[in-house]
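Fold and geometry: a report
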Amino acid sequence: MEDRVRIFDSTLRDGEQAPGIALDPDQKVAIASQLARLGVDIIEAGFPISSPGDFRAVTRIAQEVQGPTIAALARAQAKDVDRAWEAIRHAADPRIHVFLATSAIHMQHKLRMDEEEVITTVKTNVGRARDYTENVEYSPEDATRSDPDFVVAVCLAAVEAGATTVNIPDTVGYATPSDYGTLIKRVVDEVKGNRDDVVVSTHCHNDLGLAVANSLAAVEAGARQVEGAINGIGERAGNTSIEEVVMALRVRADAYGVGVGVTTEEIYETSKLVSEQTGYPIQFNKAIVGRNAFAHESGIHQHGVLRERTTYEIMDPMAVGMGNSVIVIGKHSGRAAFKHSLDQLGIEVGDAVFERSFARMKEVADHSGEVTPDEIRAIVEEVISGIEVLDGVTASFQ
Ligand code: KIV
Ligand code: ZN
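Residues numbered from 1 in each chain as written. Chains lettered and ligands numbered in written order. Predicted model: local features only at pLDDT ≥ 70, side-chain atom pairs only at ≥ 80, totals over all residues. Heavy atoms only, no water.

1. Observations regarding a negative patch on the surface
- Together, D114, E115, E116, E117 and D147 make up a negatively charged patch on the protein surface.
- Its location among the elements puts E117 in helix α6 (residues 115–132).
- For E117, a relative accessible area of 39% gives the class partly exposed. (Patch = residues over 30% accessible without salt bridge, like charges linked within 9 Å, V, L, I, M, F, W, Y side chains within 5 Å. Areas by Shrake-Rupley, 256 points an atom, 1.4 Å probe, with all protein chains shown as cover. Salt bridge = Lys/Arg side-chain N within 4 Å of Asp/Glu carboxyl O. Lys, Arg positive; Asp, Glu negative; His and termini not counted. Charge placed at Lys NZ, Arg CZ, Asp CG, Glu CD. Helix = DSSP H or I, 4+ residues; strand = E, 2+ residues; numbered from the N terminus. Buried < 20%, exposed > 50% of the residue type's maximum accessible area, 1.4 Å probe, protein only.)

So, in structure tokens, the structure goes:
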């Protein structure tokens, strides 16, 4: 059987916790339907006890979206677990995700519980969730700032109470790849052991810009579920970016050696939809889905890409649903790219017009950065009309 990593998408739960995002049920159903087309394994649809709107959204996703497992979040409290179940019970494969913090900071200041109380509360509420469904996940919140011995002990208690996924959150984005890999390996060895019915999961935040690196370190250490959000949205600096992890696992299958069941051609569409619905823009240079992810402006790169795309691209933009590589004309562009742009615009010119147009383009680019197709056309027209002696000057516009 293929060794496969499951993709757990939390765009609609942890992603939505990003400041200023509030998706209504219609928006959530639209995004969940697209996530199903993308082929993620699990959609965490929301936190049903958090608001009546979220409860309605999770209920509708459980009823209307087919394919992925539908998960709902619950604190380790009976009323949360019951409300989560009420929302997801119509899903073909419902999962309840119970969390309770394990770090001294959280236990002392937030929960006011000691270790024994945390273990008892986890057992009670994971057990309660397990009475509703066989698919239960437990997360020791703030695991990376917790005593690793205690994380292992709580996860063992959760598995004993019926959890089938143990997820290790780096809640505040504090871990480094080597710390996190070490912790995951301990949980894999000491909690999962030889049990085929238990999956160890990774959940990272991006406060130090390490969320994707930490998630991949976890996969190397034996995690077989990765949690994250499309475009990496989420609290503070966000969550692991799902599209980055998926493409790293695909493009560097030689390094990771695990499969991932996502239709990567749907990535761009999903990213655009999430950006439109949340109002969160995608940074230009964002890996995989940024508008510059497959764009080239410097002459040397353009020349290479125009001859053979793989000189400067490790992925085919078509593989993420983005269309062709983009040649941007600007001050760093060379003649090969300028000629390519004229060809694309259906403009044929002789050598003299070409050289003068190229020189003029550089002057314009020095001021404006990018030179658009309309500006290129105008430049050529201006050059032609400015040449009085037409010796050797040829041009045709389609
Ligand atoms: O970051 C976190 O700890 C979480 C948990 C609720 C899983 O999002
Ligand atoms: Zn989180």
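Further notes follow.
2. Points about the coordination of the zinc ion (ligand 2)
- For the zinc ion (ligand 2), the full set of protein donor atoms is D14 (OD), H203 (NE2) and H205 (NE2), and the range of their distances to it is 2.0 to 2.1 Å.
- What makes D14 buried here is its relative accessible area of 3%. (Donors = N, O, S within 2.8 Å, 3.2 Å for Na, K, Ca; no water.)

3. Re the site of ligand 1
- Taken together, R13, D14, H97, F99, S139, E141, P169, T171, H203 and H205 make up all the residues around ligand 1.
- Contacts to ligand 1 include T171, whose side-chain N or O atom sits 2.7 Å from an oxygen atom.
- Between ligand 1 and H203, the relevant distance is 3.1 Å, taken from an oxygen atom to a side-chain nitrogen or oxygen of the residue.
- Contact with the protein chains covers 94% of the free accessible surface of ligand 1, which is 260 Å².
- Considering only residue class, the shell around ligand 1 consists of 2 nonpolar, 5 polar and 3 charged. (Near = heavy atom within 4 Å. Polar contact = N/O pair within 3.5 Å; in protein donor to acceptor, adjacent residues only side chain to side chain. Nonpolar A, V, L, I, M, F, W, Y, C, P; charged D, E, K, R; others polar.)

4. Brief notes about the pattern of salt bridges
- Scanning all chains against the criterion turns up 29 salt bridges.
- Between E190 and R186 there is a salt bridge, with the nearest N and O atoms lying 3.0 Å from each other. Of this pair, E190 and R186 both sit in helix α8 (residues 177–192), separated by 4 residues, roughly a single helical turn.
- Judged by its relative accessible area of 27%, R186 falls in the partly exposed class.
- For E243, the salt bridge is made with K286, and the minimal N-O distance between the two is 2.9 Å. Taken as a pair, E243 in helix α10 (residues 242–251) and K286 in the loop between α12 (267–278) and β10 (295–296) lie far apart in primary sequence, 43 residues in all.

5. Examining the nonpolar core
- By size, the foremost hydrophobic cluster in this structure holds 90 residues, and its most contacted members are I7, I43, I96, V126, Y138, I168 and I184.
- By residue number, the principal contributor to this core is helix α7 (residues 148–160), which donates 7 residues.
- Of the residues that make up this core, three or more belong to each of domain 1 (6–278) and domain 2 (295–397).
- The residues touching V126, leaving out its near neighbours within four places in the chain, are V98, V136, Y138, A158, A161, G162 and A163.
- The next biggest cluster of nonpolar side chains, apart from the first, holds 18 residues, and it includes I327, I347, M361 and I379. (Core = buried A, V, L, I, M, F, W, Y, C linked by side-chain atoms within 4.5 Å. Domains from an automatic or database assignment. Contact = heavy atoms within 4.5 Å.)

6. Some thoughts on the side chain of E227
- Along the chain, E227 turns up in strand β8 (residues 225–228).
- Here Q225 takes part through its side chain, which lies 2.9 Å from a polar atom of the side chain of E227.
- The contact partners of E227, leaving out residues within four places of it in the chain, are F8, H97, E137, N167, S201, T202, H203, T240 and I242.

Any functional reading would require information that these geometric values do not contain.
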